[in-house]
Amino acid sequence: MKSRILLLLLCVVNAIAAPQDHGPSGLSSSTSPLLTERWPAFWVTHPAAPKNEYGVYLFRKQFELAKRPEHFVVHVTADSRYRFFVNGHSVSFGPQRGDPLVWRYESVDLAPWLREGTNVLAAQVWSGGEDAAFAIMSLRTGFLLQGDTTAERAVDTNESWKVFHDEAYRPLPHDRARLKTFIVVGAGDRVDGRLHPWGWETAEFNDQAWSSVRVLGHGIPLGWGTDVGWWLKPRSIPLMEETPLRLARVRRSLGIQPAADFVAGKSALTLPAHTHASVLFDQDYETSAFPQLTVSGGLGGKVTLSYAEALFDEHGQKGNRDEIEHRELVGISDEFHPDGGAHRRFVPMDFRTYRYLQLDLETSDEPLVVEDLHGVFTGYPFEERGSFSSDDPILARVWTVGWRTARLCAFETYVDCPYYEQLQYIGDTRIQSLISLYVSGDDRLMRNAIELFDRSRLSEGLTQSRYPSASPQVINTFSLFWIDMIHDYWRHRTDDDFIRARLAGMETVLGWFDRQMDAKTGLLGPLPYWTFVDWTKEWPWNEALGYGGTPAGAHEGGSATVSLQLAATLQRAAELSRAFGRDDLAVRYEQRALGLRQAVKTLCWDEKRRLFADTPEKKVFSQHANIMAVLSGAIEGEAARELIERVAHDASLIQCSTYFRFYLLRAMKQAGLGDEYLAMLGPWRDMLAKGLTTFAEQPDPTRSDCHAWSASPVYELLATVCGIEPGSPGFATVRIEPHLGALQHAEGKVMHPKGEVSVALVREKTGLRATVSLPASVTGIFVWQGKTVELKPGEQVLQFP
């Protein structure tokens, strides 16, 4: 997918504290008038700071404490990004990504880092300017800190704070000519250590020469006043995980030979004066982290850190990701110019995604000592509480690589890919959300996504396809998947108020599609905006139209694929409407779905090929149209089974990419072919064979080696192979219908709102032994080869002949 994204640039500090110093929650502890009344604290900025241009600004507040307090809660935020320190310790990074209509703030108890006597609060705040990423929405550069009670309000941001424009920082734009692809994460950091005020975040630093801040205006809570400007609301998700991560090994070096224990942090690299050297490090798997480089000396030299998911050969191909011979690193870079001081630590302001990290060193008249280089992993703090195992060892690797993919594609929002875009797209997010629910049980990022997309809606009804995004984009089909996400959430969680609040948005989306209907054919007519369905070679990028991945009939009218997708979503909307007392609306949606199905069957069914064509002209045939025919109920029973079995193996059809195979496999399961699922994992097995450690956007040649929508097997191993799914809305009951394929045994554990659902399945001659455990008060059914058995709370052993 395509878009723009932020430059979160930080942090060259002499002693940036280990990021794991973060407070226990980061969530708001305030029940005070701060939620409803104007804040006493002011937004502040540098006196000369322009509104939106690139800049890095350092804020400080020194204060005295007679004794260390038991609690000291503050609420902190900035535009566009910040890292917050207490006495030199990094305690918060944010704010949670969103938009000015709902601007999030972090609430942190500072007591663990305070002390008797002199203390200092410090924040590094930055704006990306023209090089900012699309994922960051901004009004103007500013910083805000509010004490929770009168005890903490002595540190509120006002005229007493000091500020410094850190001109050591400049953006390092990406070399798009070499990258030759769409990339919209923020620029790299170019930092001149000679201009940086080392130690600025510590209490010992002298800030007498710093300027007093310029006051902008009071902080205001959501809904206060006449103007929408940084309407404040508490953070709705936890602080991001930050955990130290050592590099695995050196793969190649030129001009210097690192000691074997350098990557373990037990020895240093010394580069003589007037020398060039290069070292290629391998993490052994893709990760997202804040690189941490510590050096001494080297005045006049230059250190460049470059990051890549894979190396490229002379033809620009990645090939096997483990191979490095005759390959080069082409990617995002940061640049640091040492000031000659001791123990200088350079940390980019934003995290970097990499498997390979290359360190290029140049010295002038002074030698340079590289004391250490490692990373600090970051991402949404999902816990791997669910699990899957079986007698097929490849599936263990699919699980591990798939879960790593899902984790790297989850930050303050879900993201499509961590390296190139870091944007939350509905198409990826629906799949990611299901994985999160099953493996971690944490639904907060899913709720956040649904709410953000709701807030992104245009006046005519559609959601934006990615959000938050400084560059709006509308994919009309993704608005339908947003409704499907609401339905997914309803099936897995009891949260009536949240879902009820989304129903009005659901109506506006479906109203937009209703206005696109062709009354003559009963199908959708020509569709405005980007009608993306899948990346296939038959639907390439169209320069004349400015988009790709669009099926026949989308632009001209009469698309069977999109008409059937609408029919499927209307059915889910009908279920939601009926569940919330809107029977009249449910009936209307069901009638519209029926009309679409009938129109497609009448106009697009090709009796000769026994397939649904993509349009009434019956010249183009794809897997996609036939998948949607099954998922929408346009064809059912044995006919659906026979159709999808042929479609799955018919190479003459336009084929699904890795992304849309999620829907192919869903259709196969719905048609009774769930046991074929494991045999359809060929693309994922191929990626493993090529050395990928995360799953790619699409088969080679691919841009992104880590793409959220390709992590779908993690969900399906539990939902299809182990067969664990909701039996009723809110996961009130459980339905378990395994599809083991050729497996002899499999075990799975899914996180449920009331605990864990686990199954252990073992084939015995012609039968099956199933050990099932349900949470207290949860019941369900187990289905095996047409036989249904009631399940009760607790553990039970079932025997099927």
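For every chain, the first residue of the written sequence is number 1, and numbering continues from 1 along that sequence. Residues qualify for local features only when their pLDDT is at least 70, as the model is predicted, and side-chain atom pairs are given and counted only at 80 or more; totals for whole chains, interfaces and linings, by contrast, use all residues. Side-chain measures were taken over the full set of non-hydrogen atoms in the model, leaving aside hydrogen atoms and water.

Draft legend 1. Up close: the sheet that holds strand β32 (residues 755–764). When DSSP finds two or more bridges between two strands, those strands count as paired. Only DSSP runs of H or I with at least four residues qualify as helices, and only runs of E with at least two residues qualify as strands; both kinds are numbered from the N terminus onward. Taken together, the five strands give an open sheet; going across it, the order is β26-β31-β32-β33-β36, and neighbouring strands pair in antiparallel fashion. Edge positions in the open sheet fall to β26 (387–390) and β36 (794–800), since each of these has one partner strand only. Strand-to-strand twist in this sheet, taken as the mean axis angle between neighbours without regard to direction, amounts to 10 degrees. As paired strands, strand β31 (residues 745–752) and β32 are joined by eight bridges and run antiparallel to one another. In the sheet register, Gly748 faces β32, and the bridge partner there is Val759. Note on contacts: a residue pair is in contact if any heavy atoms of the two residues lie within 4.5 Å. In this description, a line fitted to the C-alpha atoms serves as the axis of each element, helices being fitted only across the stretch in contact, and the angle between N-to-C directions of two axes falls anywhere from 0 to 180 degrees. Sitting on the sheet, helix α14 (residues 713–721) is in contact with β26, β31 and β32, with an inclination near 70 degrees to β26.

Draft legend 2. Molecular detail of the pattern of salt bridges. The term salt bridge refers to a side-chain nitrogen of Lys or Arg lying within 4 Å of a carboxyl oxygen of Asp or Glu. Taken as a whole and judged by the stated rule, the model has 55 salt bridges. Two residues, Arg321 and Asp700, come together in a salt bridge whose shortest N-O distance is 2.9 Å. Of the two residues, Arg321 sits in the loop between β21 (302–308) and β22 (332–337) while Asp700 sits in the loop between α13 (682–689) and α14, which places them 379 residues apart along the sequence. Throughout this description, buried means an accessible area under 20% of the type-specific maximum (1.4 Å probe, protein chains only), exposed means over 50%, and partly exposed covers the range between. Taking relative accessible area as the criterion, Asp700 reaches 29% and is therefore assigned partly exposed. Taking the shortest distance from any N to any O, the salt bridge between Arg582 and Asp584 comes out at 3.4 Å. Taken together, the salt bridges that share partners define one network made up of Arg249, Arg251, Asp282, Asp284, Asp322 and Arg355.

Draft legend 3. Seen up close, the environment of Pro258. Along the chain, Pro258 falls in the loop between β18 (249–254) and β19 (269–271). Separated by 21 residues in sequence, Pro258 and Val279 place their C-alpha atoms 8.2 Å apart. If sequence neighbours within four positions are ignored, Pro258 has contacts with Val250, Ser253, Leu269 and Val279.

Draft legend 4. Fine view of the state of the cysteines. Cysteine sulfur atoms that pair up within 2.5 Å are treated as a disulfide. Per the counting criterion, the structure on display carries zero disulfides. Cys604 takes part in no disulfide bond, and the closest cysteine sulfur, belonging to Cys656, lies 17 Å away.

Draft legend 5. Local environment of unusual backbone geometry. Looking along the chain, the bond that leaves Asp79 and enters Ser80 is cis, with omega of 5 degrees. Locating Ser80 in the fold gives a position in the loop between β4 (73–79) and β5 (81–86). Residue Pro701 is reached from Asp700 by a cis peptide bond, and omega for that bond is 0 degrees. On the secondary structure map, Pro701 appears in the loop between α13 and α14.

Draft legend 6. Main features of α14. Of all nine residues in α14, nine are buried; the element is thus mostly enclosed. Where α14 is concerned, the buried positions are Pro713, Val714, Tyr715, Glu716, Leu717, Leu718, Ala719, Thr720 and Val721. Note on α14: the residue one or two positions beyond its end, Gly723, has a positive phi of about 80 degrees.

Draft legend 7. Up close: the environment of Gln146. Residue placement: Gln146 occurs in strand β9 (residues 142–147). Residues Gln146 and Trp39 lie 107 residues apart in sequence; the distance between their C-alpha atoms is 7.4 Å. Aside from chain neighbours lying at most four places away, what touches Gln146 is Leu34, Trp39, Pro40, Ala41, Val74, His75, Arg153 and Asp156. We define a polar contact as two N or O atoms separated by no more than 3.5 Å, with the added condition that, inside protein, one atom must be a possible hydrogen donor and the other a possible acceptor, whereas residues neighbouring each other in sequence contribute only through side-chain atom pairs. Here Ala41 takes part through its backbone nitrogen, which lies 2.8 Å from a polar atom of the side chain of Gln146. Of note is the side chain of Gln146, whose polar atom sits 3.1 Å from the side chain of Asp156.

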